Amino acid sequence: FHEDVKARGVLIVVEGLDRAGKTVQCQLLLEALQQRGHHVKYIKFPGNTTMKVCLGWVLKHACSDRNSLTGKIINGYLQGQAQQDDHSIHLLFSANRWEAAQRIRSDLSNGITIIVDRYSYSGAVYSAAKENPDLSLEWAWQPEVGLPRPDLLLFLSISAEETAKRGGYGEERYETNAMQSKVRHLFDRLLSMNHGHDIHLIDARFPVDQVAKDILNSTLGHLSERKPLETFAKLR
Ligand code: TMP
């Protein structure tokens, strides 16, 4: 008797501008997949930041280490309480993901599907949007090389102008129109490079329920992954 090779969990990343609705959508996706009997976890990057939406829900479900050293420094920076060199804070954001990488791998191999709220894509584009001449998108991507590559990337597509109309906008360091427009442009550039995985553009201007339906439809085809987990490569 040979046991079937156990299917691993699926690595799903949700990305988009600030206020695109990522955290709410992660919550709805998690619940929908759990209802279908999947073992699912939610993690968010950066860990340890102050949550603006669904606070109670995120605290209950987020399994990134909220007391990690990098998380605390990043939090202070995002709240405007501390200044940091652009490169230095960039590498801390990346380190915050590397701190979680081993855990992600072991959860996936134990059959747990993981929904990740922001990942390396945010890491690269927010730093590159600062237009520091020594911090290109290529430079910013480099520390991500070797991290687990998602099986599915859901990009919540919305313009900077539209997110600015949403509640709570402007509370954090990067929530300005100028910054969000550059971030949007860089997301488009980064996603147009071939990462070898499925990217689904989700129209995030629609009402929450409609967006949730689109996300679930995009996800359902990906839930029995048997090929090995891959890692990010250099930008080409
Ligand atoms: P949050 O609003 O999803 O908690 O993210 C906090 C901010 O941090 C958001 O403006 C995006 C930014 N960010 C980076 O600059 N680099 C990163 O690696 C990540 C994950 C987020």
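Values in this document were obtained by computation on a predicted structure and should not be read as measured data. Note that residues are indexed from 1 along each chain, following the sequence as it is written. With pLDDT at 70 or above as the cut-off, local features in this predicted model cover only qualifying residues; side-chain atom pairs require 80 or more to be listed or tallied, and sums for whole chains, interfaces and linings still use all residues. The side-chain figures draw on all heavy atoms in the structure; neither hydrogens nor water molecules are used.

Novice: Please clarify how the overall build of the protein should be interpreted in this entry.
Specialist: Regarding its fold elements, the protein presents 9 helices and 5 strands. Only DSSP runs of H or I covering at least 4 residues are called helices, and only runs of E covering at least 2 are called strands; the numbering of each starts at the N terminus. Walking the protein from its N terminus toward its C terminus, one meets helices and strands in the order β-α-β-α-α-α-β-α-α-β-α-α-β-α. Among the 236 residues that make up the protein, the fraction classed as buried is 53%. The contact definition used throughout considers only heavy atoms, calling two residues in contact when any of these lie within 4.5 Å. Restricting to contacts in the protein with at least 6 residues of sequence separation, those with at least 24 account for 81%. For the protein, the exposed area adds up to about 11,100 Å²; of that, 51% sits on carbon and sulfur atoms. The buried label applies to any residue whose accessible area, calculated with a 1.4 Å probe on protein chains only, is under 20% of its type's maximum; exposed applies above 50%, and partly exposed to all values in between. Computed with the Shrake-Rupley method and a 1.4 Å probe, the accessible areas treat only the protein chains shown as cover for residues.

Novice: Any chance you could explain the confidence of the model for the protein here in plain terms?
Specialist: Atomic detail in the predicted coordinates should be set aside for any region of low pLDDT. Summary statistics for the protein give a mean pLDDT of 89 and a share of 88% for residues scoring 70 or more. You can read pLDDT as the predictor saying how much it trusts each residue, on a scale of 0 to 100. Here residues 49-53 is a poorly scored stretch, pLDDT under 50, and it has 18 contacts once near neighbours within four places are set aside; other chains count. In the predicted assembly, ipTM is 0.98 and pTM is 0.92.

Novice: In this structure, what is going on with the packing of helix H1 (residues 22-35) against helix H9 (residues 208-220)? I would like to understand it.
Specialist: Packed helices, taken two at a time, are described by the angle their axes make and the gap between the axes. To obtain each axis, a line is fitted to C-alpha atoms, and for helices this fit is confined to the stretch in contact; angles are then taken between N-to-C directions over 0 to 180 degrees. Two numbers describe how H1 lies on H9: the axes approach to 10 Å, and their chain directions differ by 55 degrees. The pairing of H1 with H9 is recorded here as oblique in orientation. You can see that H1 and H9 cross each other, and the crossing is right-handed. Contacts from Val 24, Gln 25, Leu 28, Leu 29, Ala 32 and Leu 33 of H1 reach H9 at Val 208, Val 211, Ala 212, Ile 215, Leu 216, Thr 219 and Leu 220. Following the grouping adopted for this structure description, the nonpolar residues are Ala, Val, Leu, Ile, Met, Phe, Trp, Tyr, Cys and Pro, the charged ones are Asp, Glu, Lys and Arg, and the polar ones are all others, Gly among them. Partitioned by chemical class, the residues of the contact of H1 with H9 number 11 nonpolar, 2 polar and no charged. Between 65 and 115 degrees an angle is taken as roughly perpendicular, under 35 as roughly parallel, over 145 as roughly antiparallel, and anywhere else as oblique. By definition, turning the near helix anticlockwise from the far helix through less than a right angle yields a left-handed crossing, and turning it clockwise yields a right-handed one.

Novice: So what exactly am I meant to see when it comes to the pairing of strand S3 (residues 113-117) here?
Specialist: Remember that side chains alternate between the two faces of the sheet whenever the strand is regular. Burial of S3 is extensive: 5 of the 5 residues sit out of reach of the surface. Residues Thr 113, Ile 115 and Asp 117 point to one face of S3 and Ile 114 and Val 116 to the other, with burial holding for every one of them. Alignment of strand S1 (residues 11-16) against S3, held across 4 bridges, turns out to be parallel. Residue pairing in the sheet places Ile 12 in a bridge with Ile 115 of S3. Strand pairing is assigned whenever DSSP detects at least two bridges linking the two strands. Where strand S2 (residues 40-44) and S3 come together, 5 bridges link them in parallel fashion. When the sheet's bridge partners are listed, Lys 41 is paired in S3 with Ile 114.

Novice: Help me understand the sheet that holds strand S5 (residues 198-203), please; the structure alone is not making it clear to me.
Specialist: The strands making up a sheet are joined through hydrogen bonds of the backbone, oriented either antiparallel or parallel. On the basis of which strands lie adjacent, the open sheet formed by 5 strands has the order S2-S3-S1-S4-S5 and parallel pairing. The open sheet is flanked by S2 and S5, the only strands paired with a single partner. For this sheet, the mean angle separating the axes of adjacent strands, direction not counted, is 20 degrees. Across 5 bridges, S1 lies against strand S4 (residues 152-157) in parallel orientation. Following the sheet pairing, Val 13 is matched in S4 by Leu 153. Sheet contacts for helix H8 (residues 177-192): S1, S4 and S5; angle to S4, the most-contacted strand, approximately 150 degrees. Contacts between H9 and the sheet are confined to S1, S4 and S5, with S4 contributing the most and set at about 160 degrees to the helix.

Novice: Explain the environment of Gly 170 to me, please; I cannot follow it from the model alone.
Specialist: Take Gly 170: it is sitting in the loop between helix H7 (160-164) and H8. Each C-alpha atom of the pair Gly 170 and Asp 18 lies 9.5 Å from the other, and the pair is 152 residues apart in sequence.

Novice: It is not clear to me how the pairing of S4 should be interpreted in this structure. Could you clarify?
Specialist: Within S4, 6 of the 6 residues are buried, leaving the element largely enclosed by the surrounding structure. Here S4 shows no split at all, with Leu 152, Leu 154 and Leu 156 on one side and Leu 153, Phe 155 and Ser 157 on the other all buried. Where S4 and S5 come together, 6 bridges link them in parallel fashion. Among the inter-strand pairings, Leu 152 is bridged to a residue of S5, identified as Asp 198.

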